[in-house]
Amino acid sequence: VNLSFLVLCEWVSEYVKVGRILSNIFDIQAYPSHHQQVLTLVYEKTFELMELFAGKGKELILDFKAVAFGKIKSKTINAKHICLLSNCLSVVSKIA
Amino acid sequence: MLLPEKLDTLGLRDKQQKALALLQSTRQQVITKLSAILSFKTDSQIAEFLKGGGELSGKTSNSLVGLFLQMVEITDEYLVGEEVRQVLKAAFQSLTQKYITHLLLKGGKQTAEVEILIEKLKFLKKYFPEEYDTLLQ
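Note that this is a predicted model, so its numbers are computed, not measured. (Residues numbered from 1 in each chain as written. Chains lettered and ligands numbered in written order. Predicted model: local features only at pLDDT ≥ 70, side-chain atom pairs only at ≥ 80, totals over all residues. Heavy atoms only, no water.)

Asker: Whenever I open this one, the overall build of chain A confuses me. Can you help?
Answerer: Check the secondary structure of chain A and you find 4 helices and 0 strands. Traced from its N-terminal end to its C-terminal end, chain A shows the element sequence α-α-α-α. Taking all 96 residues of chain A together, the buried fraction comes to 43%. In chain A, of all internal contacts separated by at least 6 residues, the share reaching a separation of at least 24 is 59%. Summing over all exposed atoms, chain A offers an accessible surface of approximately 5600 Å²; the carbon and sulfur share of this is 61%. (Helix = DSSP H or I, 4+ residues; strand = E, 2+ residues; numbered from the N terminus. Buried < 20%, exposed > 50% of the residue type's maximum accessible area, 1.4 Å probe, protein only. Contact = heavy atoms within 4.5 Å. Areas by Shrake-Rupley, 256 points an atom, 1.4 Å probe, with all protein chains shown as cover.)

Asker: What is the right way to look at the interface of chain B and chain A in this model?
Answerer: It is common to give the size of an interface as the accessible area lost on bringing the parts into contact. Listed per partner, the contact involves 30 residues of chain B and 29 residues of chain A. Regarding the contact of chain B and chain A, the summed buried area is about 3000 Å², with carbon and sulfur atoms giving 73% of it. In this structure, the connection of chain B to chain A is made through 2 salt bridges. For Glu48(A), the salt bridge is made with Lys15(B), and the minimal N-O distance between the two is 3.3 Å. Applying the counting rule to chain B against chain A returns 1 residue pair in polar contact (both at pLDDT 80 or more). Broken down by secondary-structure element, the contributors of at least two residues to the side of chain B that touches chain A are α1 (4-9), α2 (13-51) and α3 (59-73) of chain B. Broken down by element, the residue count for the side of chain B that touches chain A peaks at 16 residues, all from α2(B). (Buried area = accessible area lost by both parts, 1.4 Å probe. Salt bridge = Lys/Arg side-chain N within 4 Å of Asp/Glu carboxyl O. Polar contact = N/O pair within 3.5 Å; in protein donor to acceptor, adjacent residues only side chain to side chain.)

Asker: Got a minute to help me understand unusual backbone geometry in this structure?
Answerer: Backbone geometry follows two general trends: most residues other than glycine have a negative phi, and most peptide bonds adopt the trans configuration. In this model, Phe64(A) sits at a positive phi of 60°, which is unusual for a non-glycine residue. Within the secondary structure, Phe64(A) is located in the loop between α2 (32-62) and α3 (65-69).

Asker: I tried to follow the pattern of salt bridges on my own but got confused; where do I start?
Answerer: Side chains that carry opposite charge are capable of pairing whenever their charged atoms lie near each other. A complete count under the given rule lists 7 salt bridges over all chains for this structure. With a closest N to O distance of 3.6 Å, Glu48(A) and Lys45(A) form a salt bridge. One end of the pair is Glu48(A) and the other is Lys45(A), both in helix α2 and 3 residues apart, which spans about a single turn. Put simply, Glu83(B) and Arg27(B) hold a salt bridge, and the shortest N to O gap is 3.1 Å. In this pair, Glu83(B) sits in helix α4 (residues 82-106) while Arg27(B) sits in helix α2, placing the two residues 56 residues apart along the sequence.

Asker: What's the story with the packing of aromatic side chains in this structure? I'm lost.
Answerer: All names here are of chain A. Scanning all chains against the criterion turns up 1 aromatic pair over all chains. Look at Tyr 43 and Phe 47: their rings are 6.5 Å apart centre to centre, the planes differ by 45°, and that puts the pair in the tilted class. With Tyr 43 and Phe 47 both in helix α2, this residue pair falls 4 residues apart, about one helical turn. In terms of burial, Tyr 43 and Phe 47 fall into one category: buried. (Phe/Tyr/Trp six-rings, centres within 6.5 Å; stacked < 30°, edge-to-face > 60°.)

Asker: Explain helix α4 (residues 79-95) of chain A to me, please; I cannot follow it from the model alone.
Answerer: Spacing of three or four residues puts side chains on the same side of an α-helix, whose turn is 3.6 residues. Residue and element names in this part refer to chain A. In this model, α4 (17 residues) spans 25 Å end to end at C-alpha, consistent with the 24 Å of a helix rising 1.5 Å per residue. Here α4 lies mainly inside the structure; 13 of its 17 residues are buried. Two or three places before Lys 80, at the start of α4, stands the capping residue Asn 78, its side-chain oxygen 3.0 Å from that residue's backbone nitrogen. (Expected span 1.5 Å × (residues − 1).)

Asker: Teacher, can you tell me more about the nonpolar core here?
Answerer: Grouped burial of nonpolar side chains is what soluble globular proteins tend to show. In this structure, Leu34(B) and Leu38(B) are the most contacted members of the largest nonpolar core, which totals 49 residues. Among the secondary structure elements, those contributing two or more residues to this core are α1 (2-25), α2 and α4 of chain A together with α2, α4 and α5 (109-120) of chain B. No other element matches the 12 residues that α2(A) contributes to this core. Look past the residues within four positions of Leu34(B) in its chain and what remains in contact with it is Ala79(A), Ile82(A), Cys83(A), Ser39(B), Val84(B) and Val87(B). (Core = buried A, V, L, I, M, F, W, Y, C linked by side-chain atoms within 4.5 Å.)

Asker: Would you take a moment to explain the packing of α2(A) against α4(A) for this structure?
Answerer: Each pair of packed helices gets described by two things: the angle between the helix axes and the distance between those axes. All names here are of chain A. Direction vectors running N to C along α2 and α4 enclose 170°, while the axes themselves pass 11 Å from each other. Taken as axis vectors, α2 and α4 run roughly antiparallel relative to one another. Taken together, the residues of α4 that come into contact with α2 (itself represented by Met 50, Phe 53, Ala 54, Gly 57, Lys 58 and Ile 61) are His 81, Ile 82, Leu 85, Cys 88, Leu 89, Val 92 and Ile 95. When its residues are assigned to classes, the contact of α2 with α4 shows 10 nonpolar, 2 polar and 1 charged. (Axes fitted to C-alpha atoms, helices over the stretch in contact; angles between N-to-C directions. Parallel < 35°, antiparallel > 145°, perpendicular 65-115°, else oblique. Nonpolar A, V, L, I, M, F, W, Y, C, P; charged D, E, K, R; others polar.)

Listed below in structure tokens is the structure:
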């Protein structure tokens, strides 16, 4: 969950950067449709990533797949792992 | 994120709502799971423990101690969310009212073990001061 969360943050940040750069290239007044397309794409992808994170978090923790992947030290999912996912989902919800 | 009006202009409101709904649903499932681990399981195990004569030894008792330790593992950083705090509070109340009180009344060796557990749960005082003080009494 930690790793997934960090990757999510990184990707969101990259999308926002790409959005900013492209927005700067396309003058808003001169090319309003291009600007709008870029913004739409950036936010579409960001929302998709958030959905993906929720799905993967559920798989890893609630469906116990993190145990099978050997990504956690303990033999089972415990309260601490669930709390971590809860906190990450809370942060992502606030961003959305 | 963008302002709601901007999201509407770009036709992204549905996408945002879909993502938020999925995040909310997953959060709910997470809290249900946490509650099952800490509260429901605790209640059923305490009932089983008391039904079996309420002795400290035995598998059920060990499981209860395991639940205590899981609570200890949820350090300050995980108590930021209100939902997590509510679940932990319910579990903490169950354990203190039913389990610890029972063990303390029995006295002897069990009293010392309970005191160690209470010390380990000290960090919870910050969040549940009344419940913790009740426990100390």
